[in-house]
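Chain residues, written in single-letter form:
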Amino acid sequence: MQMRTGLLLWTGMIIGPMAVEGQSLMDPRVVGLGAYTPAVKDSRGFGWNPGGLTQIRDWDFSVSTYTGVSSADGGFVFHGLTLGKRFMDNEALAIEYSPGTRLRLVVPPTLSVSGIDAPASNDREIEYSEQGSIGFAHRFSQDLSIGVAGRHRLERITDTRISLVPRDSILLMPVSSQIEYEARTWLIDLGVLWTPFQYLSLGATGKNLLRLRDATLPDSLDRLALPREPIASLGTVYRFSPEYLLALNIATDGQGMMGQEWTPGLGIALRNALYVDGHESPAIAAVSLGLGWSYEFVEIGVSYLRFTDRTRHSGTISLSDFDAKAVHSLDLNPYVRDRVSLSVKAIFGNIRESLARIEQVEMYGAVYPSSFELFAYRPIGKARVRNVSSKRIQARVSFFVDKFMDAPTESPSFTVEPGEVAEAELTAVFNERVKAVSKMTIRDANIYVTAAPAEAYDDRAQARVLFRGKNDWDGDARSLRFFVTPDDPDVLRTSRDILLQNKEALSVGAGDLDSFRKARVLINGFAGKLMYVSDPKLTADFVQYPSETLKIRGGDCDDMTVCFASLLSSVGISTAFVDVVPPGSPEKSHIYLLFDSGLKPEFGDGISDNSKRYIVRKGKNGTETIWIPIEPTVIARGFEESWTAGAQEYFDEVELGLGLAKGWVRILDVN
Amino acid sequence: MVGVMLEGCQQPADVQLQPDTLTASMEIFPVVTPDTPAKTAPVDSSAVLPADQMAYYGLILLHSIILDAGPGRVDSFAYSRVLVADSAVKFLIRNVGFNGIDLGPVLLNGAPLLKIAHTIAVPILSVRDTILTRGVEYVGDLTQTYRPNQTYTWTAPLSTVAMLNIAINAPDRLSVQSPAGGSAVPRNRDLLLQWRGKNGQLRVIISTFDQLTKHSRPVLELRPRSDVGQAILPATILRQLPGNPYFIFTFILSNKREVTILSGQTRIVLVQAASVYSSYIELQ
């Protein structure tokens, strides 16, 4: 709260000494609120600040009308219509057709020619209009938008001349004719909208920064030309609560506005404002009242603007009092009358107001098809979600990659306070197509946030997801187990064939050694057909699936380890990886295999007199059994040598080197 | 939305830029030269345009005249004139005037008017006017008796051909502040016309004036749209007036109407009571 108060004071200090620019009053909200530079939220008020166009939700269309309150005003004037569209999330475009943005001043005739063919006309007619404008805005971030707008201005002066010409029996025949001068100009404005906090918006606009002219008034009429010098305006909207906001606006042309809006509910908004003009007396030039009502995709607004100087704004002023240079806005200047404005706005497309916004998406790393199931419970990334509503929301974030996922995964619901930010971790349930990715691929992932009680998503973001090839491995031994496929038909067939061929040998002997003997038969049965190939790319990249190793009958230590883990697992023998990363020599990292013999420790001498040749460890069922180390790089030489080599390594690295205790040796259960 | 659009089809109301001083807008009319070789009476004293002099079958006039040629050169008088015609006078096919009929004694507010011969001047040989006498007309000098804002009634109690019993109100006595008689008026500046006088319709007749022959010729007529006592004649008009430097601005504040008084005929007679002020000026 202290910071809010400080910001308000700061804003007040900044704007205090400056002088506000009147703009188009097509939107009754503009009239009712007055200060609109930081409050632009649709296509109707982009003349105040084109940067606000990014507040358009999708399509919006509005039509406006106004009328004076005196009998001289003659009824409703079609003020104009606007059409706006937000596209590509961060861009917005709007066009405005505003025939009612027009100021016409007439000097009544001092002399007029009588006669049917020469109707009385004014000595001079001065018309200023801005009937067309176009605006574009880009949102650079969730907080910052910049827009540019072009207004087409027409200045037309029509003078009536009476000529005296001889004709038949008339010496001097008065003949009336009109001379017209026009100046057409495109005026370019630039606007910035910055919302550093949910409760504070700042808007700045530079008017008339560029002029593109295709015709000018003659020098003799320059005093009737509208001001063309650049004008800066600055405004702020401070939202004290979700129901109440205060707006201030000032400009270098000496105008200022202060307005407030109260939204008590039921879609109703009540507004009022004070207009200050240093050129007018009294300085409080006008007051306004506004009423708005919105429901679903329709918004209706009505406003009343009343000027305090009843003489100047009466519709009649003296010639000497008229100063074209005081007309900075055709809708709000010292010469316009009180008016009642009415506007209807309709929103199309994605018309639901967003409650939450995705501010950032961070992906943790690549997806390895071998371990794709992992992301069903291990986060693949996270999203930062901001509550952009004025109420507490329950948000969920979903994640989806087309083709590689059958349906989006959704995060648990989490609470976000108004204006606050929360992070949600993203998980992904990929389908089997991921495993068909043969080489590294980048795909777009769509992240959605949905805030209760919404039916549609509130915001959407995209992130790049890197899919590695199916044989790619991240080097983590924990991921290697995802290459172990005991259910693979090739693996099953191979293990069954070998066991069948050794059926008689296996049928002899005690049952406690079944697992040990099966493992020996499997390793010996296939070992002679395999060839170890040293991995030229070290370990952290490529791993063959067992079916591939069985097919090509060769591989490196990772491939062999995975293959024999699969063969052993296929016949119900539990396995584990021994992951060795020697300290100071990561290039000597390697993996070998342990399998569970199923023997209780007290029967260890049944397989070896040397207790260093086996390991006693707990299996998954929590009971201690004897595990046999196997070094797959020498497996082609048979079970015994692989066992011996494995036991030696285990002894050296674990018992002598204390690798397990120091953490550079890990035993990871595969099954 | 469509309703709003259709409802709002008006244009924004104009903002009126008024001169600092309240002036009347004026209408400008051409002055038609009648197709006649006859001489017509000058406007500064007759207060009737030449075309009207040749158009009406009679004039019943009550005029208060001020001729202002500058300080010390102001002449004023008042008169009444009655001419009722039953036929036009032709000369070489063209109309030159009317034949004034004798109505017997004609009274103005009970006082008899003087019956005189009605003459028509036609410059036949361009050397000297030929005076044609065609019937009679009635005149009366009211210089001493004229009163503004008074009702004047003409009667011809013994006439059998005309039902003359016509009353009309005399307007205020008109005075003109600008342009002052004898003044020099620049052509390159707007000219303020300023007068005082009500109870009548005001017209301003601008005539050229030849100082040598003393002939004048009306060229333009101005009619203010409102009775505020002043109006602006733009310099653009002054610049287009003929090069002759001398002009007469004749202000005519009048009440007038048209009547038919001859039994069995539809001849129209102009009845007019006017206060006339003519300023003789020089345009530079």
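Asker: Could you clarify how one ought to interpret the overall build of chain A in this entry?
Answerer: What chain A contains, in helices and strands, is 10 helices and 32 strands. Going through the 671 residues of chain A one by one, you find that 42% of them count as buried.

Asker: Is there a simple way to explain the environment of A:N431 in this structure?
Answerer: All names here are of chain A. With respect to the helices and strands, the residue N431 is situated in the loop between β23 (421-426) and β24 (441-451). Given 14 C-beta atoms within 10 Å, N431 falls into the partly exposed group. Residues N431 and F372, 59 residues apart in the sequence, show an inter-C-alpha distance of 8.3 Å. In this view, N431 contacts F404, M405 and D406; residues no more than four positions away in its chain are not counted.

Asker: Help me understand the interface of chain A and chain B, please; the structure alone is not making it clear to me.
Answerer: Where interface size is given, it is often the accessible area lost as the parts come together that is meant. The interface of chain A with chain B comprises 44 residues on the first partner and 34 residues on the second. Mapped onto the side of chain A that touches chain B, the elements with two or more residues apiece are β1 (59-68), β2 (77-87), β4 (102-107), β5 (111-113), β7 (144-167), β8 (170-197), β16 (316-318) and β17 (339-348) of chain A. Partitioning the side of chain A that touches chain B into residue classes produces 25 nonpolar, 15 polar and 4 charged. The pairing of β5(A) with strand β2 (residues 26-30) of chain B spans 3 bridges and is classified as parallel.

Asker: Would you explain helix α8 (residues 557-570) of chain A in this entry?
Answerer: Note that an α-helix has 3.6 residues per turn; residues three or four places apart therefore point the same way. Given a rise of 1.5 Å per residue, 14 residues ought to cover 20 Å, and the 20 Å separating the end C-alpha atoms of α8(A) matches this to within 8%. Downstream of α8(A) by one or two residues, A:G572 has phi in the positive range, about 90°.

Asker: Could you clarify how one ought to interpret the sheet that holds strand β30 (residues 615-618) of chain A in this entry?
Answerer: The pairing of strands in a sheet comes from backbone hydrogen bonds and takes either a parallel or an antiparallel form. All names here are of chain A. Pairing is antiparallel in the open sheet, where 5 strands are placed in the order β30-β31-β29-β28-β32. The sheet terminates laterally at β30 and β32 (665-669), the two strands that pair on one side only. Strand-to-strand twist in this sheet, taken as the mean axis angle between neighbours without regard to direction, amounts to 35°. Inspection of the sheet shows strand β28 (residues 575-580) paired to β32 by 5 bridges, in the antiparallel sense. Counterpart to D579 in the pairing with β32 is R666. Docked against the sheet, α8 engages β28, β29 (590-596) and β31 (624-630), running at close to 15° with respect to β29. Contacts from helix α9 (residues 639-656) reach β28, β29, β30, β31 and β32, with the element oriented near 105° to β31.

Asker: Honestly, the sheet that holds strand β18 (residues 356-363) of chain A in this entry has me stumped. Any pointers?
Answerer: Residues and elements named next belong to chain A. The strand order β18-β19-β23 describes an open sheet built from 3 strands, whose pairing is antiparallel. The open sheet has two edge strands, β18 and β23, and neither has a second partner. Strand-to-strand twist in this sheet, taken as the mean axis angle between neighbours without regard to direction, amounts to 25°. Pairing analysis gives 6 bridges linking strand β19 (residues 381-387) to β23, with the strands arranged antiparallel. Bridge pairing in β23 links A383 to A424.

Asker: Whenever I open this one, helix α4 (residues 489-501) of chain A confuses me. Can you help?
Answerer: If you check α4(A), its first and last C-alpha atoms are 18 Å apart, about what 13 residues at 1.5 Å a residue would give, namely 18 Å. Its buried side turned inward, α4(A) meets α6 (514-527), α7 (546-552) and α8 of chain A.

Asker: What exactly am I supposed to notice about unusual backbone geometry here?
Answerer: Glycine aside, a negative phi is what most residues show, and trans is what most peptide bonds show. All names here are of chain B. Note that the residue after S178, namely P179, is joined by a cis bond; omega there is 5°. By secondary structure assignment, the location of P179 is in the loop between β12 (175-178) and β13 (184-185). For A47, which is not a glycine, the phi torsion comes out positive at approximately 60°. Within the element layout of this structure, A47 appears in the loop between α2 (43-46) and α3 (50-53). Phi at K214 takes a positive value of approximately 65°, unusual for a residue other than glycine.

Asker: Would you mind going over the confidence of the model for chain B with me for this structure?
Answerer: Predicted coordinates in regions of low pLDDT should not be interpreted in detail. Confidence along chain B averages 89 in pLDDT terms, with 95% of residues attaining 70 or more. For this predicted complex, the interface confidence score (ipTM) comes to 0.87, while the overall pTM stands at 0.63.

Asker: I keep staring at the packing of α4(A) against α6(A) and nothing clicks. Help me out?
Answerer: When two helices pack together, their arrangement is given by the angle between their axes and by how far apart the axes lie. Residues and elements named next belong to chain A. Put simply, α4 and α6 touch, their axes get as near as 9 Å, and they point 105° apart. Between α4 and α6, the interaxial angle falls into the category roughly perpendicular. Counting all contacts with α4, which are made through T494, S495, I498, L499 and Q501, the residues of α6 involved are K518, V521, L522, G525 and F526. Looking at side-chain class alone, the contact of α4 with α6 contains 5 nonpolar, 4 polar and 1 charged residues.

Cut-offs and rules
- Residues numbered from 1 in each chain as written.
- Chains lettered and ligands numbered in written order.
- Predicted model: local features only at pLDDT ≥ 70, side-chain atom pairs only at ≥ 80, totals over all residues.
- Helix = DSSP H or I, 4+ residues; strand = E, 2+ residues; numbered from the N terminus.
- Buried ≥ 20, exposed ≤ 12 C-beta atoms within 10 Å, placed from the backbone.
- Contact = placed C-beta atoms within 7 Å.
- Nonpolar A, V, L, I, M, F, W, Y, C, P; charged D, E, K, R; others polar.
- Pairing = 2+ DSSP bridges.
- Expected span 1.5 Å × (residues − 1).
- Axes fitted to C-alpha atoms, helices over the stretch in contact; angles between N-to-C directions.
- pLDDT = per-residue confidence, 0-100.
- Parallel < 35°, antiparallel > 145°, perpendicular 65-115°, else oblique.

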